[in-house]
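Secondary and tertiary structure notes
If you want the building blocks of each chain, they are given just below.
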Amino acid sequence: MTPFTIAIDGPAAAGKGTISKAVAAHFGFAHLDTGLLYRAVGARMLTGTEPVQAAQTLTAADLQSDQLRTPEVAQAASKVAVIPEVRAALIEFQRAFARRAGGAVLDGRDIGTVICPDAEAKLFVTASAQVRAERRFLELQAKDDTTTRAQVLADVIERDARDSERATAPLKPAADAVIIDTSDLSIEAAIQAAIAAVTPRMELRT
Ligand code: CDP
Ligand code: CDP
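Analysis parameters
- The numbering scheme is per chain: residues are counted from 1 as the chain's sequence reads.
- As a convention, the first chain written is A and the first ligand written is 1, with the rest following in written order.
- Totals for whole chains, interfaces and linings use every residue, but because this is a predicted model, local features are given only for residues with pLDDT of at least 70 and side-chain atom pairs only at 80 or more, for both listing and counting.
- Nearness rests on one distance test: the residue's C-beta atom, set from the backbone, must lie within 6 Å of the molecule or strand.
- In this description a helix means any DSSP run of H or I spanning at least four residues, a strand means any run of E spanning at least two, and both kinds are numbered starting from the N terminus.
- UniProt positions are given in the numbering used here, feature names are shortened, and annotations may be inferred rather than shown by experiment.
- Buried, partly exposed and exposed are defined by the number of other C-beta atoms within 10 Å of a residue's own C-beta, namely 20 or more, between the two limits, and 12 or fewer respectively, with C-beta atoms placed from the backbone.
- We call two residues in contact whenever the C-beta atoms placed from their backbones are within 7 Å.
- Amino acids are sorted into nonpolar (Ala, Val, Leu, Ile, Met, Phe, Trp, Tyr, Cys and Pro), charged (Asp, Glu, Lys and Arg) and polar (every other residue, Gly among them).
- To get an axis, a line is fitted to the C-alpha atoms, and for a helix only the part in contact is used. The angle between two axes follows their N-to-C directions and goes from 0 to 180 degrees.
- Angles below 35 degrees are treated as roughly parallel, those above 145 as roughly antiparallel, those between 65 and 115 as roughly perpendicular, and all remaining angles as oblique.
- Definitions for this section: a left-handed crossing has its near helix turned counterclockwise from the far helix by less than a right angle. A right-handed crossing has that turn clockwise.

A word on the site of ligand 1
The immediate surroundings of ligand 1 are formed by 15 residues, with Gly-15, Lys-16, Gly-17, Thr-18 and Arg-135 found nearest. Elements with a minimum of two residues in the shell around ligand 1: α1 (16-27), α7 (129-142) and α9 (187-205). No other element matches α1, which puts three residues into the shell around ligand 1.

Focus on the environment of Glu-158
Looking at where Glu-158 falls in the secondary structure, it is placed in helix α8 (residues 149-165). Through-space distance from the C-alpha of Glu-158 to that of Gln-75 is 8.6 Å; in sequence the pair is 83 residues apart.

What to know about the UniProt feature "binding site: ATP" (unreviewed entry) in the protein chain
Under the present numbering, the feature "binding site: ATP" (unreviewed entry) in UniProt falls on Gly-10, Pro-11, Ala-12, Ala-13, Ala-14, Gly-15, Lys-16, Gly-17 and Thr-18. Along the chain, the position of Ala-14 falls in the loop between β1 (5-9) and α1. On the basis of neighbour counts, which here come to 27 C-beta atoms within 10 Å, the residue Ala-14 falls in the buried class. The exposure class assigned to Gly-15 is buried, which follows from the 25 C-beta atoms found within 10 Å. Residues in contact with Gly-15, not counting those within four places in the same chain, are Val-125, Ala-127, Thr-182 and Ala-190.

Concerning the UniProt feature "domain: Cytidylate kinase" (unreviewed entry) in the protein chain
When the UniProt feature table is mapped onto this chain, "domain: Cytidylate kinase" (unreviewed entry) is found at residues 6-198. Span residues 6-198 is 53% helix and 12% strand, its end C-alpha atoms 8 Å apart.

Digging into the site of ligand 2
Taken together, 15 residues surround ligand 2, and among them Gly-35, Tyr-38, Ser-78, Ala-81 and Gly-108 come closest. Contributing elements (two or more residues each) for the shell around ligand 2: α2 (35-46), α4 (71-80) and α8. Of the residues contributing to the shell around ligand 2, the split by class is six nonpolar, four polar and five charged.

Focus on the packing of α7 against α8
Orientation of α7 relative to α8, taken along the N-to-C sense of each, is 125°, at an axis distance of 9 Å. The orientation of α7 relative to α8 falls into the category oblique. Note on packing geometry: the crossing formed by α7 with α8 is right-handed. Contact residues: α7 offers Ala-129, Gln-130, Arg-132, Ala-133, Arg-136, Phe-137 and Leu-140, while α8 offers Arg-149, Val-152, Leu-153, Val-156, Ile-157 and Asp-160. Partitioned by chemical class, the residues of the contact of α7 with α8 number eight nonpolar, one polar and four charged.

Some thoughts on the environment of Asp-118
Looking at where Asp-118 falls in the secondary structure, it is placed in the loop between α6 (111-115) and β4 (121-126). Residue class for Asp-118 comes out exposed when judged on the 10 C-beta atoms lying within 10 Å of it. Residues Asp-118 and Ala-196 lie 78 residues apart in sequence; the distance between their C-alpha atoms is 20 Å.

Put into structure tokens, the structure is as follows:
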């Protein structure tokens, strides 16, 4: 099959990852969580590596760690993500993944706007900050992370602001993205909305 790219962007804990995995499985596409790249660079910064150096030397092994899902690493990721040279070092890998034969789903902040402006389908997945913080809080609780509900909400709001206000590749919907607000949607309903938005674009191609 010729390349077909599905770009899924949105703020923290909106449901991008959950929807991306399900959409990728539905269409038989590969999936790349691009947030992991920034989390891996952030994690290396926390252990003393200069962020641009870390981005330029990232390896597959750096993406494997369970430690990438902590609140500390999420904050570090959003701090390194404002550095233009860090973003530049990660572009080629993401674009090559997007154009692989067989189709690809990439989720992040700037996939539809900067990484793949010509993606065949673009979604912007969002939800209120309160709903997103509650979801992230429940996830952390399940992992025995003791971060409080109030702290998770403050973290989400701080990260959204940093991601939206940065000069390079800020978080925003592409002009041609379909917006899916998951605040009042079950996971299943959100997945169905995403598949329904992508399917007509697939049919245009075949
Ligand atoms: O990738 P992103 O940070 O945008 O979000 P996620 O990891 O897919 O979802 C964050 C959490 O919200 C997960 O625990 C999902 O199960 C949950 N979720 C939900 O409760 N309802 C939805 N409609 C979508 C996700
Ligand atoms: O899962 P969650 O939505 O909380 O975060 P993530 O997708 O793993 O992204 C972590 C951080 O990496 C974000 O807050 C952004 O600052 C940055 N990021 C980015 O700048 N561009 C992307 N394409 C993906 C993530």
